[in-house]
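What the coordinates show
As a plain string of letters, each chain reads:
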Amino acid sequence: YRGVSCNLSNHKGNQMTLKDLSLVEAKQFTSHYPALIVGANNAGKSFSIENMPAEDKKRTDIFNYDIKPLGEGTPDEFHNVYTVFADSTSIDKQLDNIVAIGTKLAAENKNNPILAKLREQREHLQKMKDNSFFIDDDEAIDKMVNKILESAFNPDVDRIVADTLTALTDFCDAWSKAHFSGREVWNAYGTAHQRILQALKEANIFCYKYVYILAHHDYIPPAQYAMTPKQVVKVKGGIMSGNVEAHFNTIVFTHATQEGVRMFECDVNSSLDTSRTKILDGKFSFNRTSLDDLEQLFAKKKTVVDGKLVEA
């Protein structure tokens with residue numbers, strides 16, 4: 001993974017959007033991807049999504065496997081956010097309850113101000129249902145793969161983020177146990193896991209999107225971080241175990257220093273982690289703000305000077 005000859009430093013603007021680029025240019029911009037971002041809980045992985053420039057966020061699809069609030073909560077902050085739930089019946093029951101309450105109130109007084117709030121709640125829940133994948137749905141994996149590919153071929157989407165691989169593993173495990181039995185469980189789990197990862201890779205190789213997959217490792221105290229070996233990304237069972245990293249062009253570790261500074265680090269020669277990069281120097285370490293930092297670095301719009309990302 002050494003050396004990228006293209007020079008993309010003349011790309012206009014601070015945002016790393018792909019909408020005005022030719023396929024050749026988009027291929028150059030995304031040649032470092034898919035990227036695996038690895039860090040402990042509270043290392044700021046999700047915050048790096050939230051801290052992207054507003055224009056970039058509007059062109060980002062997130063598969064929120066961790067089921068946690070992302071962003072400022074404003075409408076259309078991201079192009080789309082998908083999530084996962086245990087079952088669809090609970091949402092269906094709430095939708096039915098809202099409709100029943102609304103029907104009763106409207107019969108009594110069609111101008112009741114509560115009706116507007118009920119409509120808002122119904123629209124919110126319906127959108128949540130439409131943008132979610134459910135463990136009790138035997139077609140959940142097919143639907144998830146299709147949504148990833150829809151994002152990949154959507155010209156309004158520049159980047160796809162899976163947050164996190166660790167939670168995706170749990171979802172595939174629970175889904176397979178809900179629909180299979182005996183030895184078929186592990187086969188279904190492994191197939192589901194591989195299909196989703198393959199779809200994310202195809203979004204990059206066929207459609208030239210920025211693709212990020214976030215993953216966890218165990219907590220390491222900041223004072224010990226630099227000298228502590230980092231584990232390979234964990235998955236359940238034997239399928240893909242110890243082999244997740246082989247699927248990525250770029251592997252970046254993120255952590256917080258003792259002073260609370262969030263870092264992106266990578267070194268192809270490190271014996272303490274599995275990081276890798278295609279940039280010529282083979283390593284980097286800098287105070288990170290957002291995922292956009294990596295896009296700027298790989299496009300040679302910015303460079304690292306004294307641990308900080310500055311204009312190239």
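Since we're looking at a predicted model, the values are computed, not measured.

What counts and how
- Residues numbered from 1 in each chain as written.
- Predicted model: local features only at pLDDT ≥ 70, side-chain atom pairs only at ≥ 80, totals over all residues.
- Heavy atoms only, no water.
- Salt bridge = Lys/Arg side-chain N within 4 Å of Asp/Glu carboxyl O.
- Buried < 20%, exposed > 50% of the residue type's maximum accessible area, 1.4 Å probe, protein only.
- Helix = DSSP H or I, 4+ residues; strand = E, 2+ residues; numbered from the N terminus.
- Pairing = 2+ DSSP bridges.
- Axes fitted to C-alpha atoms, helices over the stretch in contact; angles between N-to-C directions.
- Contact = heavy atoms within 4.5 Å.
- Polar contact = N/O pair within 3.5 Å; in protein donor to acceptor, adjacent residues only side chain to side chain.

**With respect to the pattern of salt bridges**
Tallied over the full model, the rule gives 15 salt bridges. One salt bridge in this structure joins Lys-143 and Asp-137, with 2.7 Å as the shortest N-O distance. On the basis of relative accessibility, which here comes to 16%, the residue Asp-137 falls in the buried class. Across the pair Lys-147 and Glu-150 runs a salt bridge whose closest N-O atoms are separated by 3.6 Å. In this pair, Lys-147 and Glu-150 are both assigned in helix α6 (residues 140-153), 3 residues apart and thus about one turn of the helix distant. By relative accessible area, which is 46% here, Glu-150 ends up partly exposed. Salt bridges linked by common partners bring Asp-56, Arg-159 and Glu-295 together as one network.

**Observations concerning the sheet that holds strand β9 (residues 283-287)**
Across the sheet, 9 strands lie side by side as β4-β3-β2-β5-β6-β1-β7-β8-β9; this open sheet has mixed pairing. At either end of the open sheet lies a strand with only one pairing partner, and these are β4 (132-134) and β9. Neighbour to neighbour, the strand axes of the sheet diverge by 20 degrees on average, direction disregarded. The pairing of strand β2 (residues 60-64) with strand β3 (residues 80-85) spans 4 bridges and is classified as parallel. Of the residues in β3, the one forming a bridge with Phe-63 is Tyr-82. With respect to the sheet, helix α5 (residues 114-130) is in contact with β3 and β4, its orientation differing from that of β4 by roughly 65 degrees. Against the sheet, helix α8 (residues 184-205) contacts β5 (159-163) and β6 (210-216), and its axis sits at roughly 145 degrees relative to β6.

**Some remarks on the environment of Lys-45**
Tracing the sequence through the fold places Lys-45 in helix α2 (residues 45-50). Take Lys-45: its relative accessible area is 6%, and that puts it in the buried class. When the C-alpha positions of Lys-45 and His-193 are compared, they lie 21 Å apart, and in sequence the two are 148 residues distant. There is a polar contact of 3.3 Å between the side chain of Lys-45 and the side chain of His-216.

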